[in-house]
Amino acid sequence: EDKVVQSPLSLVVHEGDTVTLNCSYEVTNFRSLLWYKQEKKAPTFLFMLTSSGIEKKSGRLSSILDKKELFSILNITATQTGDSAVYLCAVGGDTDKLIFGTGTRLQVFP
Amino acid sequence: NAGVTQTPKFQVLKTGQSMTLQCAQDMNHNSMYWYRQDPGMGLRLIYYSASEGTTDKGEVPNGYNVSRLNKREFSLRLESAAPSQTSVYFCASSSSRVSYEQYFGPGTRLTVT
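Residues numbered from 1 in each chain as written. Chains lettered and ligands numbered in written order. Predicted model: local features only at pLDDT ≥ 70, side-chain atom pairs only at ≥ 80, totals over all residues. Heavy atoms only, no water.

Considerations on the state of the cysteines
Residues and elements named next belong to chain B.
Logical step 1: The tally for this structure, following the rule as stated, stands at 2 disulfides over all chains.
Logical step 2: Note on cysteine connectivity: Cys-23 is disulfide-linked to Cys-91, with sulfurs 1.8 Å apart. When the S-S torsion is -70 degrees, as for the bridge of Cys-23 with Cys-91, the disulfide is left-handed. Taken as a pair, Cys-23 in strand β3 (residues 19–25) and Cys-91 in strand β9 (residues 87–94) lie far apart in primary sequence, 68 residues in all. (Disulfide = S-S within 2.5 Å. Helix = DSSP H or I, 4+ residues; strand = E, 2+ residues; numbered from the N terminus.)

Shown next, in the form of structure tokens:
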């Protein structure tokens, strides 16, 4: 059965800290891994990764994929209170469907 | 360009009542999806439609039906609501099988008493 596991379940940090969020997966015929940020409402897209070892970067956020070890990490440097959210990892395989993890809740305090 | 829109935003139903959640996208996407999100459970796929005229079951289809009315619209129907269907429902769309970037609507918070 396809599955996506995220860790930790939650994280509490202070502004300025660096955090690493983990996502491991078992999916038939992997095609892509996506990261989303969910604040109070709908998830918003952050990154899509399809190739191992190529870092995607957007400002203070970066992500990398390891297709051999079947995991990805999302790094956030110099965290701000606006980074507080649930971060979702999702993996696409053989079909149009994405399999979502349960998310990591990040709280950043001033 | 509104992206993905959903109506209603909130709804309270009594057990046994029926209702339809509406979703529309203006991005000319082929694929559309309905998810439910419950605390600690992440997003779970209810039904999806890979293209106009086709629908398929996802992970949790029981108690729901869908209609892909045209390329833009994808509705979710609860024929006889149950308290276990209390959840936040999200509609999403994506352009094709090649791209898995899904765009989400704002969600519908449904409570069944």
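Still to come is the rest of the account.
A few points about the interface of chain B and chain A
Logical step 1: On the chain A side, the residues contacting the 21 residues of chain B number 21 residues.
Logical step 2: Scanning the region where chain B abuts chain A turns up 2 residue pairs in polar contact (both at pLDDT 80 or more).
Logical step 3: Breaking the side of chain B that touches chain A down by element, the ones donating at least two residues are β4 (31–38) and β5 (42–49) of chain B.
Logical step 4: In terms of residue class, the side of chain B that touches chain A is made up of 11 nonpolar, 7 polar and 3 charged. (Contact = heavy atoms within 4.5 Å. Polar contact = N/O pair within 3.5 Å; in protein donor to acceptor, adjacent residues only side chain to side chain. Nonpolar A, V, L, I, M, F, W, Y, C, P; charged D, E, K, R; others polar.)

A closer look at the packing of aromatic side chains
Logical step 1: Per the counting criterion, the structure on display carries 11 aromatic pairs over all chains.
Logical step 2: Ring centres of Tyr-36 of chain A and Phe-104 of chain B lie 5.5 Å apart, and the angle between their planes is 85 degrees; on these two criteria the pair is classed as edge-to-face. Separated into two different chains, Tyr-36 of chain A in strand β4 (residues 32–38) and Phe-104 of chain B in strand β10 (residues 103–104) make up a pair that spans both.
Logical step 3: Relative accessible area serves as the criterion here: at 0%, Tyr-36 of chain A is assigned to the buried category. (Phe/Tyr/Trp six-rings, centres within 6.5 Å; stacked < 30°, edge-to-face > 60°. Buried < 20%, exposed > 50% of the residue type's maximum accessible area, 1.4 Å probe, protein only.)

Remarks on the sheet that holds strand β8 (residues 74–78) of chain B
Sheet strands associate in pairs through backbone hydrogen bonding, adopting either a parallel or an antiparallel arrangement.
Residue and element names in this part refer to chain B.
Logical step 1: If you trace the 4 strands from one edge of the open sheet to the other, you get β1-β3-β8-β7, paired in antiparallel fashion. For this open sheet the edge positions go to β1 (4–7) and β7 (64–68), each flanked by a neighbour on one side alone. Here the average twist between neighbouring strands, direction ignored, is 15 degrees.
Logical step 2: Strand direction decides the pairing type here: β7 and β8, joined by 5 bridges, are antiparallel. Among the inter-strand pairings, Arg-68 is bridged to a residue of β8, identified as Phe-74. (Pairing = 2+ DSSP bridges. Axes fitted to C-alpha atoms, helices over the stretch in contact; angles between N-to-C directions.)

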